[in-house]
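Residue-level structure breakdown
Each chain is listed here by its residues.
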Amino acid sequence: MKASTDHLALPFFDDTHRALGRDLAEWAPLQQVDESDDRRACRQWVRLLGDGGWLRYCVPGSAGGALDKLDSRALVILRETLAFHSPLADFAFAMQGLGSGAITLAGTPAQQAAYLPAVARGDKIAAFALSEPDAGSDAGAMTTSADQSDGGWALNGSKTWISNGDIADFYVTFAKTDRGAGTRGITAFIVDAGNPGLDSSEHIAVMAPHPLATLKFAHCKLPDAAQLGALNGGFKLAMQTLDIFRASVAAAALGMARRALFEAVRFSRERKMFGQTLADFQLTQAKIGEMAALIDAAALLTYRAAWLRDDSQARGAGKRITAEAAMAKMTATENAQRVIDMALQMHGGLGVKVGSKVESLYRDIRSLRIYEGATEVQQLIIGKAVLQS
Ligand code: COS
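Keep in mind the model is a prediction, meaning the values are calculated, not measured.

Bringing the packing of helix 8 (residues 322–346) against helix 10 (residues 375–388) into the picture now. It is the contact of helix 8 with helix 10, at a shortest axis distance of 9 Å, that shows an interaxial angle of 145°. Read as a crossing pair, helix 8 and helix 10 show a hand that is left-handed. Contacts between helix 8 and helix 10 involve Thr-322, Ala-323, Ala-326, Met-327, Lys-329, Met-330, Thr-333 and Glu-334 from the first element and Thr-375, Gln-378, Gln-379, Ile-381, Ile-382 and Ala-385 from the second. Looking at the contact of helix 8 with helix 10 residue by residue, the class counts come to seven nonpolar, five polar and two charged.

The following block contains the structure:
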């Protein structure tokens, strides 16, 4: 089954995006990955996505990327299409981008050369380590610290909910370098897996399985060259990275919602009851109408956020699109949850049967309303922006 590409005709996209979307829609359904073991499956998806050339959209052209700069609309098309077919494929793709995004934005030429081409080939798996047991939404409240030591740095503390935890080859990690300075006292570092001061063995099992772990840093020694971006500039760097990827989380939700609608339409046309098909009932038509409108509303906000960022980058304006990305992420993830719930309800008992597509989508979508800024954080970001305007 092929994802629809009708939306690519919208004026947010250009012909490069349209070709990308059509090629990926052909490629994705041909891939076969046994997802019963999420860690093994994730590695396999990274391999396939790397060999297919799709991970080249996670890095800029100077580092082996497909396009000159990170292109938000390309990321949106990739995530939407992959999530339609396999939320785990989307996860593997997205983490290569999120985990290396700060290196693209702020890495030295040596750091970019050491990590980005390998990320684009699928030879190195990336991770982004920001959240802590007591600092999730309030990222500035982190306590993991980095202190200068023996001509380098020593990290101490812990990070949790780290996607790709224990399968990543490196972790872009944020730590306090000036404890009294709040968000202005955080610096980013690149920590390679295998560093003896890093323990990533504590795995976290979640309702839609994907690789997740807690990281513990105990006098984790890093050379000066591991510092990423400006000293005490880490919070802004984290936020800038999230600005790129939040709109793409919206796209992943959109792909899952489109798949739920596809399943609902297919099922309602086939399912017979009371002498007609489920689709013949006005109640079903009303639900399908509502689902389609929720999807289109989410799509337009998502494409707008991606287009605004690309347009601002192209003009060198560097305008922040935090509020627009937040609107897209909040609306697309919340709408997708509703759409998937409606699709599941339409399937009746089959909807809750383990192994049915709507059952797994129902679990897959849930965490998107939480990670990379929960819905409530998006509301806060949008509200602040409106009040400041
Ligand atoms: N781009 C650049 N700079 C940004 C920025 C962005 N998108 N967002 C904030 N900043 C800057 C601000 O301009 C401010 O700079 P100054 O110190 O120079 O004034 C600084 O960062 C602090 O901003 P603010 O005061 O808004 O920070 P808060 O501590 O109030 O936190 C929220 C803001 C809640 C929005 C932030 O902590 C957040 O996004 N939390 C969610 C984190 C998250 O997504 N976690 C999931 C991790 S990945 S799975």
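Let's pick the thread back up.
Now for the site of the ligand. If you check the shell around the ligand, you find 22 residues, and the closest are Ser-137, Arg-184, Asp-243, Arg-246 and Gly-373. Take Ser-137: an N or O atom from its main chain is 2.7 Å from a nitrogen atom of the ligand. The side chain of Arg-184 places a nitrogen or oxygen atom 2.6 Å from an oxygen atom of the ligand. The fraction of the free accessible surface of the ligand (1,000 Å²) that becomes covered by protein chains is 75%. Of all the secondary-structure elements, those providing two or more residues to the shell around the ligand are helix 6 (234–270) and helix 10. Here the shell around the ligand is composed, by residue class, of eight nonpolar, seven polar and seven charged.

Scanning all chains against the criterion turns up eight aromatic pairs. Among the aromatic side chains, those forming a connected cluster through ring pairs are Phe-12, Phe-13 and Tyr-303. Over the ring of Phe-84 we find Arg-259, and its NZ or CZ is 5.4 Å from the ring centre.

Time to look at helix 10. Taking 1.5 Å per residue, 14 residues should reach 20 Å; helix 10 reaches 20 Å between its end C-alpha atoms and fits that length. If you check which residues of helix 10 are buried, you get Thr-375, Val-377, Gln-378, Ile-381 and Ile-382. Down the axis of helix 10, the buried set is contained in an arc of 165°. They therefore lie on one face. Exposed side chains of helix 10 directed beyond 90 degrees from the buried face belong to Glu-376, Leu-380, Lys-384, Leu-387 and Gln-388. Lining the buried residues of helix 10 we find helix 6 and helix 8.

What follows concerns the pattern of salt bridges. Enumeration according to the criterion identifies 20 salt bridges in this entry. For the salt bridge of Arg-179 with Asp-147, the shortest nitrogen-to-oxygen distance reads 3.1 Å. Here the residue Arg-179 occupies a position in the loop between strand 4 (170–176) and strand 5 (186–192), and Asp-147 occupies one in strand 2 (residues 145–149), the gap between them amounting to 32 residues. Among the residues examined, Asp-147 registers a relative accessible area of 30% and is labelled partly exposed. The shortest N-O distance in the salt bridge between Lys-216 and Glu-202 comes to 2.7 Å. With Lys-216 in strand 7 (residues 212–223) and Glu-202 in strand 6 (residues 198–203), the pair connects residues that are 14 residues apart, well separated along the chain.

To continue, consider the environment of Gln-148. Checked against the element boundaries, Gln-148 lands in strand 2. Overall, Gln-148 belongs to the exposed group, its relative accessible area being 62%. Along the chain, Gln-148 and Leu-222 lie 74 residues apart, while their C-alpha atoms are 9.4 Å from each other.

Okay, the side chain of Glu-132 next. Position of Glu-132 among the secondary structure elements: in the loop between strand 1 (126–129) and strand 2. Glu-132 sits in the buried class, given a relative accessible area of 4%. Side-chain polar atoms of Glu-132 contact the side chain of Lys-159, separated by 2.9 Å. Contacts of Glu-132, omitting those with residues within four sequence positions, involve Met-142, Thr-143, Thr-144, Ser-158, Lys-159 and Thr-160.

Residues Leu-49, Phe-93, Leu-155, Phe-174 and Met-291 are the most contacted members of the largest nonpolar core, which totals 113 residues. Sorting elements by how many residues they give to this core places helix 6 first, with 18 residues. In contact with Phe-174, other than residues within four places in its own chain, are Phe-128, Ala-129, Leu-130, Met-142, Thr-144, Lys-159, Ile-186, Thr-187, Ala-188, Gly-234 and Ala-238. Formed by five residues, the second largest nonpolar core is a distinct cluster that contains Ala-326, Met-330, Val-377 and Ile-381.

Conventions adopted
- Residues numbered from 1 in each chain as written.
- Predicted model: local features only at pLDDT ≥ 70, side-chain atom pairs only at ≥ 80, totals over all residues.
- Heavy atoms only, no water.
- Axes fitted to C-alpha atoms, helices over the stretch in contact; angles between N-to-C directions.
- Helix = DSSP H or I, 4+ residues; strand = E, 2+ residues; numbered from the N terminus.
- Left-handed = near helix turned anticlockwise from the far one by under 90°.
- Contact = heavy atoms within 4.5 Å.
- Nonpolar A, V, L, I, M, F, W, Y, C, P; charged D, E, K, R; others polar.
- Near = heavy atom within 4 Å.
- Polar contact = N/O pair within 3.5 Å; in protein donor to acceptor, adjacent residues only side chain to side chain.
- Areas by Shrake-Rupley, 256 points an atom, 1.4 Å probe, with all protein chains shown as cover.
- Phe/Tyr/Trp six-rings, centres within 6.5 Å; stacked < 30°, edge-to-face > 60°.
- Lys NZ or Arg CZ within 6 Å of the ring centre and 35° of its normal.
- Expected span 1.5 Å × (residues − 1).
- Buried < 20%, exposed > 50% of the residue type's maximum accessible area, 1.4 Å probe, protein only.
- Arc of directions from axis to C-beta.
- Salt bridge = Lys/Arg side-chain N within 4 Å of Asp/Glu carboxyl O.
- Core = buried A, V, L, I, M, F, W, Y, C linked by side-chain atoms within 4.5 Å.

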